[in-house]
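Each chain, letter by letter, is given below.
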Amino acid sequence: GSPEGQKMQEIRRSLPAFKERETLLRAISENQVVVVSGETGCGKTTQLPQYILEAEIEAARGATCNIICTQPRRISAMAVSERVAAERGESLGESVGYKVRLEGMKGRDTRLLFCTTGILLRRLLVDRNLGGVTHVIVDEIHERGMNEDFLLIVLKDLLPRRPELRLILMSATLNAELFSSYFGRAPMIHIPGFTYPVRSHFLENILEITRYRLTPYNQIDNYGQDKMWKMQKQTDRKRKTQIASAVEESLEAADFGQYNPRTRDSLSCWNPDSIGFNLIEHVLCHICKNERPGAVLVFMTGWDDINALKDQLQAHPLLGDPSRVLLLACHGSMASAEQKLIFDKPEDGIRKIVLATNMAETSITINDVVFVVDCGKAKETSYDALNNTPCLLPSWISKASARQRRGRAGRVQPGECYHLYPRCVFEAFADYQLPELLRTPLQSLCLQIKSLQLGSISDFLSKALQPPEPLSVQNAVEFLKTIGALDENENLTVLGQHLSMLPVEPKLGKMIILGAVFNCLDPIMTVVAGLSVRDPFLMPFDKKDLAESAKAQFSARDFSDHLALVRAYDGWRNAERQQSGYEYCWKNFLSAQTLKAMDSLRKQFLHLLKEIGLVDSFQSCNAWSNDEHLVRAIICGGLFPGICSVVNKERSISLKTMEDGGVLLYSNSVNAQELQIPYPWLVFNEKVKVNAVFLRDSTAVSDSVLLLFGGSIFGRALDGYLMMLGGYLEFFMS
Ligand code: ADP
Ligand code: MG
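Residues numbered from 1 in each chain as written. Chains lettered and ligands numbered in written order. Predicted model: local features only at pLDDT ≥ 70, side-chain atom pairs only at ≥ 80, totals over all residues. Heavy atoms only, no water.

Points about the overall build of the protein chain
Within the protein chain, the secondary structure is distributed over 31 helices and 23 strands. Taken over the C-alpha trace, the protein chain has a radius of gyration of 26 Å; the compact-globule value for 734 residues is 27 Å, and the two agree within 12%. Its C-alpha atoms put the protein chain at 70 × 65 × 55 Å along the principal axes. A total of 734 residues make up the protein chain; the buried ones form 55% of that total. Contacts in the protein chain between residues far apart in sequence, at least 24 positions, make up 75% of those at least 6 positions apart. Across the protein chain, the centroid of the 82 positively charged side chains sits 2 Å from that of the 85 negatively charged ones. (Helix = DSSP H or I, 4+ residues; strand = E, 2+ residues; numbered from the N terminus. Rg over C-alpha atoms; globule rule 2.2 N^0.38 Å. Buried < 20%, exposed > 50% of the residue type's maximum accessible area, 1.4 Å probe, protein only. Contact = heavy atoms within 4.5 Å. Lys, Arg positive; Asp, Glu negative; His and termini not counted. Charge placed at Lys NZ, Arg CZ, Asp CG, Glu CD.)

Some details on the site of ligand 1
As a structural note, the neighbourhood of ligand 1 is formed by 14 residues, with G41, K44, T45, T46 and R411 the closest of them. The contact in question runs from an oxygen atom of ligand 1 to an N or O atom on the backbone of C42, over 3.3 Å. Here an oxygen atom of ligand 1 and a side-chain polar atom of N367 are 2.9 Å apart. Compared with its free state, where it exposes 560 Å², ligand 1 has 88% of that area covered by protein. Residues of the shell around ligand 1, tallied by class, amount to three nonpolar, seven polar and four charged. (Near = heavy atom within 4 Å. Polar contact = N/O pair within 3.5 Å; in protein donor to acceptor, adjacent residues only side chain to side chain. Areas by Shrake-Rupley, 256 points an atom, 1.4 Å probe, with all protein chains shown as cover. Nonpolar A, V, L, I, M, F, W, Y, C, P; charged D, E, K, R; others polar.)

Some details on the packing of helix α23 (residues 506-517) against helix α24 (residues 521-532)
Packing of α23 against α24 leaves a shortest axis separation of 8 Å and a crossing angle of 170 degrees. Between α23 and α24, the crossing angle belongs to the class labelled roughly antiparallel. Listed contacts from α24 to L508, M511, I512, G515 and A516 of α23 are L521, I524, V527, V528, L531 and S532. When grouped by side-chain class, the residues that make up the contact of α23 with α24 number nine nonpolar, two polar and no charged. (Axes fitted to C-alpha atoms, helices over the stretch in contact; angles between N-to-C directions. Parallel < 35°, antiparallel > 145°, perpendicular 65-115°, else oblique.)

Considering the pairing of strand β13 (residues 369-374)
Look at any regular strand and the pattern is simple: side chains alternate between the two faces of the sheet. Counting buried positions over the six residues of β13 gives six, a clear majority of the element. Pairing analysis gives five bridges linking strand β10 (residues 295-299) to β13, with the strands arranged parallel. When the sheet's bridge partners are listed, A295 is paired in β13 with V369. (Pairing = 2+ DSSP bridges.)

With respect to the environment of Q404
In this fold, Q404 is placed in helix α17 (residues 399-407). Exposure remark for Q404: the relative accessible area of 7% places this residue in the buried category. Among all residues touching Q404, those that are not within four sequence positions of it are E39, T40, T173, E361 and T362. Within the structure, Q404 has its side chain in polar contact with the side chain of T40 (distance 2.7 Å).

Structural notes on the side chain of N668
Position of N668 relative to the elements: it lies in the loop between β19 (661-665) and β20 (681-684). Setting aside residues up to four positions removed in sequence, N668 forms contacts with D535, M539, E548, K551 and D561.

As for the environment of A597
Its location among the elements puts A597 in helix α28 (residues 592-612). Sequence-distant contacts of A597, defined by excluding residues within four places in its chain, comprise L102 and V533.

A short note on the sheet that holds strand β3 (residues 96-100)
Within a sheet, neighbouring strands are paired by backbone hydrogen bonds and run either parallel or antiparallel to one another. If you trace the eight strands from one edge of the open sheet to the other, you get β4-β3-β5-β2-β6-β7-β1-β8, paired in mixed fashion. A strand with exactly one partner marks an edge of an open sheet, and here the two such strands are β4 (103-105) and β8 (188-191). Geometrically, the sheet is characterised by an average inter-axis angle of 20 degrees between neighbouring strands, direction not taken into account. In the sheet, strand β1 (residues 33-38) pairs with strand β7 (residues 166-171) via five bridges, with the strands oriented parallel.

Focus: unusual backbone geometry
Look at the link from F640 to P641: it is a cis peptide, with omega at 5 degrees. The residue L130 is not glycine, and still its phi comes out positive at about 50 degrees. Secondary-structure assignment places L130 in the loop between α6 (117-126) and β6 (135-138). Within the chain, F589 stands out as a residue other than glycine whose phi angle is a positive 55 degrees. The residue F589 is located in the loop between α27 (581-588) and α28 in this model.

Some points on empty space enclosed by the protein
Empty pockets left among the atoms are what a rolling probe the size of a water molecule brings to light. Inspection of the entire model under this criterion finds three cavities of 30 Å³ or more. Estimates place the volume of the largest cavity at around 80 Å³. Of the residues belonging to the lining of the largest cavity, the class tally is six nonpolar, three polar and one charged. L124, R128, V154, R161, L452 and L454 are the residues that line the second largest cavity. Counted by class, the lining of the second largest cavity contains four nonpolar, no polar and two charged residues. (1 Å grid on protein atoms, 1.4 Å probe; cavity = no way out; pocket = protein on both sides within 12 Å on 5 of 7 lines; lining within 4 Å. Points joined across faces, edges and corners; volume = space filled by probe spheres on them.)

As structure tokens, this is what we get:
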């Protein structure tokens, strides 16, 4: 091959996994289930599936083998398949392919497919036995994502029916016993790895080394968190999560007596509830000015704080100077061009700084990292089963995660890790993170259990590695009954069947189906795409006021964030036609990337609705109604029972939900600017609980709309209508 190809083969042979190649292959051929663990970067994801493919080709089964390797995130499925194809000297879509929601590259001869866990679950929907599949590799199982835990229950059921099917579970950490015993003591293989030592600096040391001074003022420098912080300070400790209170207790008990007064003073100002951007900036400056060459990996919590931090750093004279610093972001929704830059080595004299979410903890390995900055938090969904509120907020990571983050600095030489919290806080972390199945609403999952015909929901979920609380299961089943997706006996209705085919949450799926039935799909698909991709309205923290008024322009005073979203999207589509999409986005604080993702999701909805039979293939978008009242009613039909009551007081509004009492609006909601809302109700998609409960996007509705479109009566009527429609279609098709 080419010199480049030869170099890649050399790299492949140098990976720790290569030494175990024969052991791994033998174990896989002799056992139905094998659990493989090994330090991140040792070659599990890129090598093991390839070894299997090579062995199958050698054994003359190259034409019949069919290997599926699941990834928890779409971005890793894409990045890994590209890498593996390159290592095999092919282009994507030959023997190696990928498939994620909305995108894929797979050819007739594809034998090794990297896909998201969701895609494999969808495939199980149409083919319960995974006919033709020879190997299933479930990667990153240590993350304990909901889909992965779910897939394991299904596969455990399937294995006896498919004795020749091979299952390989891959984990980055040493908790292999848990998975092995779940599969009847399946053999475990550990790939020993080598990493250089990494020195840990906790906050107290950082303050000593860098002589940085924390003050109460510069602790509140975060985008929009100040208000919440103040509120959090006032609330009692009882309502905090267990970890958050453990952190506070250990802070109070800590003795920083050995440190100099300035450091002690700083530590007393440190706010555990926020991520100090100025501190991060200071640490990055310190590294750039004083440390040897090497890339820096900064662990943040999500797309929004990465962008906000990037904005702040770009304005800095040193960190924002492209001739000295290459500043990159790494998160689930970045473009693939940006993704390539992350792996590249920058020119000499330029320091690469990557701001990443916890996906850089285990699923993506950046080889030249020497310095890690760890904010100690990750965005985590949590779920309060008692009042049925999903919460998404930055929470403290586990000890296992913190070690994993630190380890990222020791891949090529001894490294340094800066933890932006005191050592005593680390000691208060939990050992491992709680599995997602135990901290998220289970509605989609329960619907999937039913559509896969896996029997009773609670029986099925009781077979999980760590089963969820009965109350969460009961809540989810009740919800599905309320929207008409399940009948009294927990059987899937026609509506439920349709909902399980749409790749969105059940309530959003219901909104789409209502849109189809009432012939106003165009605006409704936009609303659902926006709610299920992410908000396209950007809120850069330093231009918050400008961004808020840009959004308000789309409101037309109709008291609906969702209608504002529809107008913004329609405007973008027109601008795109005139080749001025980017200008439009820039002027209006919109994310072009998000709008494009919404666009492809809309196309997919349409395709699926045609398959279901709810949209004629000859129908065009222009024929759809855009009636504002109808759209408002359908939004209500989908978002019910997410409602809160509106009480107009003199020059202010008070909002209440049944479960929470008083609630507040996010400041960027168009309704947050209003002094009066001339409707009795708001419907909303999501509440975020940060001690106070905040509503994200909302639409105002009248009594009659709520009565007619909300509630269970309508759910059942819709199901009846769909059943009848199905009957007619069948009659005329036959
Ligand atoms: P594991 O799954 O055990 O964490 P991987 O198979 O992902 O390990 O990675 C093995 C090696 O391949 C690592 O050194 C990693 O940096 C490298 N690698 C993976 N993907 C890419 C890529 N897209 N470009 C360059 N190197 C990569
Ligand atoms: Mg991996």
